[in-house]
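Inside the fold
Chain residues, written in single-letter form:
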Amino acid sequence: MALWRGESPLILASQSSARKMLLANAGLDFQAIVADIDERGVQAASSLANPREIALLLAREKAKTVSVNHPGAYVIGADQTLALGERLFNKPVGRAQARAQLRDLAGLSHELNSALAVAHDGQIVFEHVSVAHMTMRQMSEAELTAYLDAAGEAVTSSVGAYQLEGLGIHLFERIEGDHFTILGLPLLPLLAFLRRERLVAV
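These notes cover the structure that comes with them.

Here is what the cut-offs are and how they apply
- Residues numbered from 1 in each chain as written.
- Predicted model: local features only at pLDDT ≥ 70, side-chain atom pairs only at ≥ 80, totals over all residues.
- Heavy atoms only, no water.
- Buried < 20%, exposed > 50% of the residue type's maximum accessible area, 1.4 Å probe, protein only.
- Helix = DSSP H or I, 4+ residues; strand = E, 2+ residues; numbered from the N terminus.
- Pairing = 2+ DSSP bridges.
- Contact = heavy atoms within 4.5 Å.
- Axes fitted to C-alpha atoms, helices over the stretch in contact; angles between N-to-C directions.
- Parallel < 35°, antiparallel > 145°, perpendicular 65-115°, else oblique.
- Left-handed = near helix turned anticlockwise from the far one by under 90°.
- Nonpolar A, V, L, I, M, F, W, Y, C, P; charged D, E, K, R; others polar.
- Arc of directions from axis to C-beta.

1. Some points on the pairing of strand 5 (residues 109-120)
Consecutive side chains of a regular strand alternate in pointing toward one face of the sheet and then the other. Counting buried residues along strand 5, nine of its twelve residues qualify, which places the element largely inside the surrounding structure. Pairing between strand 3 (residues 74-84) and strand 5: ten bridges, direction antiparallel. Counted as the bridge partner of Gln80 is Ser114 from strand 5. The turn joining strand 5 and strand 6 (residues 123-136), which pair antiparallel and follow one another in sequence, is formed by two residues; a positive phi near 55° is taken by Asp121.

The following block contains the structure:
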């Protein structure tokens, strides 16, 4: 039974494998279309410093960018920022930067801010930010090397140089937060919105 009730297909403005998995596992038919935006340029032009506000800004921009080209469709934009105190982390460029980031995060608690925005006909109709608190364990240089060797190129595909659903779980000693938030898509608030709009069958 198809759960989606919208007149146009649901669109995810992302090619994130984790986000696609979450929507698919929830039984939602959708299309994945990458939003062609310069994330760092948008962030710099905004002058925002708050990690939650930055995540929400980028989620909005992704949703609106795809929405204007798909009239009638509901478009989900999502973004995630990682903050260690006042310091904001981006996806590492290469293994050396990934190692440096992991060394800086080791033994400390950081925040993952996961934002989502839903656009319809170019207008934002729903938005939400969820936060998870992640405590990374202390690691020796040998352990860091072993992790980087095992994870390979995947360390450059996410902020923080880890995927918690994969080998990244080995880096942590404590996690406080919603599983969906950690994977980059606050699914429960999204589903609640879709139900309110009568866009899903359950």
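Further notes follow.
2. Quick word on the environment of Glu173
Within the secondary structure layout, Glu173 lies in strand 7 (residues 172-176). Residues Glu173 and Ala44, 129 residues apart in the sequence, show an inter-C-alpha distance of 34 Å. For Glu173, the contacting residues outside a window of four places in its chain are Thr135 and Arg137.

3. As for the pairing of strand 3
Extensive coverage of strand 3 is indicated by the burial of eleven of its eleven residues. Note that strand 1 (residues 10-12) and strand 3 share two bridges and pair parallel. If you follow Leu12 over to strand 3, its bridge partner there is Ile76. The hairpin formed by strand 3 and strand 4 (residues 87-89) contains two residues between the paired strands, and Gly85 there has a positive phi angle of roughly 65°.

4. Re the packing of helix 2 (residues 39-46) against helix 3 (residues 51-67)
Taken N-terminus to C-terminus, the directions of helix 2 and helix 3 make an angle of 125°; their axes are 10 Å apart at the nearest point. Viewed along their axes, helix 2 and helix 3 adopt a mutual orientation that is oblique. As helix 2 packs across helix 3, the resulting crossing turns out to be right-handed. For the pair helix 2 and helix 3, contact is made by Glu39, Arg40, Val42, Gln43 and Ser46 and by Ile54, Leu57, Leu58, Glu61 and Lys62, respectively. For the contact of helix 2 with helix 3, the residue count by class is four nonpolar, two polar and four charged.

5. Here's the deal with helix 7 (residues 187-196)
Of all the positions in helix 7, only Leu187, Leu190, Leu191, Phe193 and Leu194 are classed as buried. Along the axis of helix 7, the buried positions cluster into a sector of 155°, meaning they face one direction only. Exposed and facing more than 90 degrees away from the buried side of helix 7 are Leu188 and Arg196. Against the buried residues of helix 7 lie helix 1 (17-25), strand 3, strand 5, strand 6 and helix 6 (179-183). Where helix 7 ends, the next residue or the one after it, Arg198, has phi of about 55°, a positive value.

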